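The lines below spell out each chain.
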Amino acid sequence: MELLGAIDPQGRDEDYEATSPWWLSGTPLEAEHHRLMRRRSVPIPWDQTTADQLTDAERARLAGTWMRRSEAEYLAVSTFSVLAIDLTAARAPADVLSLCLRAGIDEIRHAEMCLRMAKIYSGKQNMPVVKMSSLPDDPKRPKLHQALANTMLVSCVSETYATTVLSATRDLTTDPTAQAVLTSIYSDEVAHARLGWSYLRHAIEVGGQGVIDAAAEMLPRALRGVANVVEKERPIGEVTPAVRTHGLMTPAEERIIYATCIREVLVPGFQALGVPVGSALEDYGDTWAHAA
Ligand SMILES: [Fe+2]
Ligand SMILES: [Fe+2]
C-alpha cells in the first residue's frame, strides 16, 4: 500500500460518496464512474455547509450562480471532447491526448459538484443545462494549426483565466463546503491550463512560423470569447457580504481579474513563446476593466 501511495500521490478518497446521484444511470456503470471520480483526494465536507445561515434571497442568488457554473462545466465536457478530436487529427503527443481526455473527465466531476452546490442552496435536484461546444472548425487549414488554435482558446486563455478567478474567489470564501469545492476545481484547472501552454510550446517547435501565425490570429478571438463570459448578465439578486463567503464575486471584480490576468499572465506568456499579442493590452486595459 505504501508503494501504491508513492506512485499515486493524489491517492484515493476513502470517504468518497456519489456527488449528485440523481444524475447517474442506475446501472452497473455507476461503480466504474465512482472509481474514475474518486481519484482526487481533496475531500468535500458536504455536511459542513453554512447555507442555513443565509436569507432566501441569498440562497436563490447562490443557487443561480452554482447552476450556471454547472452549465459552464458541462459545456467544458463537450469542449474537451471536440479538442480531443482536433488533437487526435493533428497526431498530438500521447501525453497531450491523455491529459486532454482526462480534462474532459475532470469537467464531468466539476459539473457534478456544482450541481450539488446548487442543490444545497435551492433544495432542488436539478440536471445540468445542456450547452455544446462551438469551437472554430476550418477543414481547409492544416490539422496542426486547427488543434493549436483551439487549444489556445480553450486551455491557454480560458483555463488560465479560470485559475486566476477561482483562486481570487477562493480567497474570500469561508463556507467550508464552497471552499473545498473551489479548491478541488482550482487544482484541476491548473492542470488544464498547463496542457495548453505545453502544447503551444511543442507545436511551435514542430511547426515554426506557421504555428506562431495561427496562434497570433486566434488570440483576439480567444480573448473576446472569455470577455463575453465575463461581461454576461448575472442571475438576479444582490451579492451581499454573506453571499461572497460562499464563493461569489461581483461582475466588476471579475473584470479587473480578467484584465490583470491578460496583463500579468497571458500577454507575458505568449510573448515569451514569441507569439505577437496585437492590441490585447489596449483592448483590455483600464477602460475595459472599469466599465462595469
Ligand atoms: Fe472545470
Ligand atoms: Fe477545466
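Note: the structure precedes this text.
Residues numbered from 1 in each chain as written. Chains lettered and ligands numbered in written order. Predicted model: local features only at pLDDT ≥ 70, side-chain atom pairs only at ≥ 80, totals over all residues. Heavy atoms only, no water.

1. Side note on the packing of aromatic side chains
Next, step 1: Here the structure, examined in full by the defined rule, presents six aromatic pairs.
Next, step 2: Here Tyr 258 and Tyr 284 contribute two aromatic rings whose centre-to-centre distance is 5.8 Å and whose plane-to-plane angle is 65°, an arrangement assigned as edge-to-face. One end of the pair, Tyr 258, is in helix α9 (residues 251–272); the other, Tyr 284, is in the loop between α10 (280–283) and α11 (286–289), with 26 residues separating them in the sequence. Neither Tyr 258 nor Tyr 284 differs from the other in exposure class; each is buried. (Phe/Tyr/Trp six-rings, centres within 6.5 Å; stacked < 30°, edge-to-face > 60°. Helix = DSSP H or I, 4+ residues; strand = E, 2+ residues; numbered from the N terminus. Buried < 20%, exposed > 50% of the residue type's maximum accessible area, 1.4 Å probe, protein only.)

2. So, the coordination of the iron ion (ligand 2)
Next, step 1: Protein coordination at the iron ion (ligand 2) comes from Glu 107 (OE), Glu 159 (OE), Glu 159 (OE), Glu 189 (OE) and His 192 (ND1), with a distance range of 1.9 to 2.5 Å.
Next, step 2: One chain supplies every donor for the iron ion (ligand 2), spaced along it as E-x51-E-x29-E-x2-H.
Next, step 3: Using a relative accessible area of 4% as the deciding quantity, one classes Glu 189 as buried. (Donors = N, O, S within 2.8 Å, 3.2 Å for Na, K, Ca; no water.)

3. Description of the coordination of the iron ion (ligand 1)
Next, step 1: At the metal site, the iron ion (ligand 1) is ligated by Glu 73 (OE), Glu 107 (OE), His 110 (ND1) and Glu 189 (OE), and these contacts range over 2.0 to 2.2 Å.
Next, step 2: In this structure, the iron ion (ligand 1) is surrounded by four donor atoms whose angles at the metal cover 83 to 140°, and the resulting shape is irregular.
Next, step 3: Coordination of the iron ion (ligand 1) draws on donor residues from a single chain, spaced E-x33-E-x2-H-x78-E in sequence.
Next, step 4: Here the iron ion (ligand 1) and the iron ion (ligand 2) are spaced 3.5 Å apart, linked through Glu 107, which binds each one. Here the residue Glu 73 occupies a position in helix α3 (residues 56–89), and His 110 occupies one in helix α4 (residues 94–122), the gap between them amounting to 37 residues. The two residues Glu 73 and His 110 agree in class, both being buried. (Tetrahedral: all angles 85-135°; square planar, octahedral: opposite > 155°, others 65-115°.)

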